[in-house]
Amino acid sequence: MSTTDADGRIRSWTLEPSKPRFTPPPGAVDAHCHVFGPQAQFPFSPKAKYLPQDAGPDALFALRERLGFARNVIVQASCHGTDNAATLNAIAVSNGTCRGVAVVDPPISDVELDELHAGGIRGVRFNFLKRLVDDAPKDKFLEVAQRIARLGWHVVVYFEADILEEMKPFLAAIPVPIVIDHMGRPDVRQGPDGADMTAFRALLDSRADIWTKVTCPDRLDPAGPPYADFVAAVRPLVESYPDRVLWGTDWPHPNMETVLPDDGALVDVIPAIAVTAELQHKLLVANPMRLYWPEEG
Ligand SMILES: O=C(O)/C=C(\CC(=O)C(=O)O)C(=O)O
């Protein structure tokens, strides 16, 4: 259960995650996580739909150490709106071990985009979840997608399975690689051949440069650890698209109010969805390095 402090700010992550049994390969990247604040330095957006307690870079790096990861990709969370300062700060104090994905105001200037690039940003996120953002203007997002192409960036798109069909023309028009958060949130209880996974595979088959994060068993599988339905639905996806999958903790688990995910248990899902050392290396090292640290390839 999440806890709320005197200011009404919630903590949706556990302070004592278990130590995973699975040891990630050297150089493993947690490619989907966030930072919150610290608020005194980096206030939340007036439009924030949730107000979390501080979860800054120190806590992120302590978690990374405990879980056995070497790098992080920090995705700007909606509670910080389009002010990417908290994300940039975490990258700046990471000694080169973090990169990030920003959320931007569509009229952002080219100079500001260059500054984000210098600060370690390598992509822009378009969030279509109505509970998180007031509007998601597809025409303006497409202009942004065109303007980031020169930087070699990609876009990260977050939507739920019920709008996949209507997202297709928008996604087809994006001129840079696309990463879909949490597989577009399928109902994993339908199984690997259920309607949601079948539709999502068709989307992946429509372009060779659509990647996805095989993340968030905690959000997608209400049964909890060992997340059997998630594993059954997602393992075949990892095997079909081994070069286009990423993995992340989703720490500090925004909006997880009823059940606080145990990050150690989340890491232990990895060997169940990526069952060979080769698949694990692609998922945790080779793929995220190609997207976020291409210069090291
Ligand atoms: O971060 C996630 O993966 C999921 C989120 C929060 C979020 O995206 C945001 O605040 O920007 C969610 O489903 O509430």
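Keep in mind the model is a prediction, meaning the values are calculated, not measured.

Turning next to the pattern of salt bridges. Tallied over the full model, the rule gives 16 salt bridges. Glu296 is the salt-bridge partner of Arg71, the closest N and O atoms lying 3.0 Å from each other. A residue pair is termed long-range when its members are at least 10 positions apart, and Arg71 in strand β4 (residues 71–75) and Glu296 in the segment after α11 (277–292) qualify at 225 residues. Residue classification places Arg71 among the buried residues on the basis of a relative accessible area of 17%. What you see here is one network of salt bridges that share partners, running through Arg125, Asp181 and Lys213.

Right, let's talk about empty space enclosed by the protein for a bit. Throughout the structure, instances matching the rule amount to one cavity of 30 Å³ or more. A class-by-class count of the residues in the lining of the largest cavity yields five nonpolar, six polar and four charged.

Here we come to the side chain of Asp181. Position of Asp181 among the secondary structure elements: in the loop between β8 (178–180) and α6 (195–206). Accessibility expressed as a relative area gives 0% for Asp181, which makes it buried.

Attention shifts here to helix α5 (residues 164–173). Here α5 has its buried residues at Leu164, Met167, Phe170 and Leu171. Projected down its long axis, α5 carries its buried residues within an arc of 110°, all on one side. Structural note: α5 exposes Glu165, Glu166, Pro169 and Ala172 on the side pointing more than 90 degrees away from its buried face.

To continue, consider the state of the cysteines. Between two cysteines, a covalent bond joining their sulfur atoms is known as a disulfide. Under the defined criterion, the tally for this structure stands at zero disulfides. In this model Cys33 remains outside any disulfide bridge; the closest cysteine sulfur is found in Cys98, 6.7 Å from its own. Here Cys79 stays free of any disulfide, with the sulfur of Cys33 as its closest cysteine sulfur at 13 Å.

Across the sheet, which stays open at both edges, the eight strands sit in the order β3-β4-β5-β6-β7-β8-β9-β10 with parallel pairing between neighbours. The strands lining the two open edges of the sheet, one partner per strand, are β3 (29–33) and β10 (245–246). The pairing of β8 with strand β9 (residues 210–213) spans three bridges and is parallel. The residue bridging Ile178 from the neighbouring strand is Ile210, located in β9. Lying on the sheet, helix α1 (residues 57–67) is in contact with β3, β4 and β5 (98–102); it crosses β4 at an angle near 135°.

What follows deals with the packing of aromatic side chains. The tally for this structure, following the rule as stated, stands at eight aromatic pairs. Consider the rings of Trp13 and Phe36, whose centres lie 6.0 Å apart with planes at 55°: the pair is tilted. You can see Trp13 sitting in the loop between β2 (10–11) and β3 and its partner Phe36 sitting in the loop between β3 and α1, a full 23 residues away along the chain. Linked through ring pairs, Trp13, Phe36, Tyr50 and Trp251 together constitute an aromatic cluster. One Lys or Arg, Arg71, reaches over the ring of Trp293 and ends 4.8 Å from the middle of that ring.

For the rest of this paragraph, the subject is the confidence of the model for the protein chain. Summarising the model, the protein chain shows a mean pLDDT of 97, and 100% of its residues fall at 70 or more. The complex model carries a pTM of 0.97, and its ipTM stands at 0.91.

Cut-off values and rules
- Residues numbered from 1 in each chain as written.
- Predicted model: local features only at pLDDT ≥ 70, side-chain atom pairs only at ≥ 80, totals over all residues.
- Heavy atoms only, no water.
- Salt bridge = Lys/Arg side-chain N within 4 Å of Asp/Glu carboxyl O.
- Helix = DSSP H or I, 4+ residues; strand = E, 2+ residues; numbered from the N terminus.
- Buried < 20%, exposed > 50% of the residue type's maximum accessible area, 1.4 Å probe, protein only.
- 1 Å grid on protein atoms, 1.4 Å probe; cavity = no way out; pocket = protein on both sides within 12 Å on 5 of 7 lines; lining within 4 Å.
- Points joined across faces, edges and corners; volume = space filled by probe spheres on them.
- Nonpolar A, V, L, I, M, F, W, Y, C, P; charged D, E, K, R; others polar.
- Arc of directions from axis to C-beta.
- Disulfide = S-S within 2.5 Å.
- Pairing = 2+ DSSP bridges.
- Contact = heavy atoms within 4.5 Å.
- Axes fitted to C-alpha atoms, helices over the stretch in contact; angles between N-to-C directions.
- Phe/Tyr/Trp six-rings, centres within 6.5 Å; stacked < 30°, edge-to-face > 60°.
- Lys NZ or Arg CZ within 6 Å of the ring centre and 35° of its normal.
- pLDDT = per-residue confidence, 0-100.

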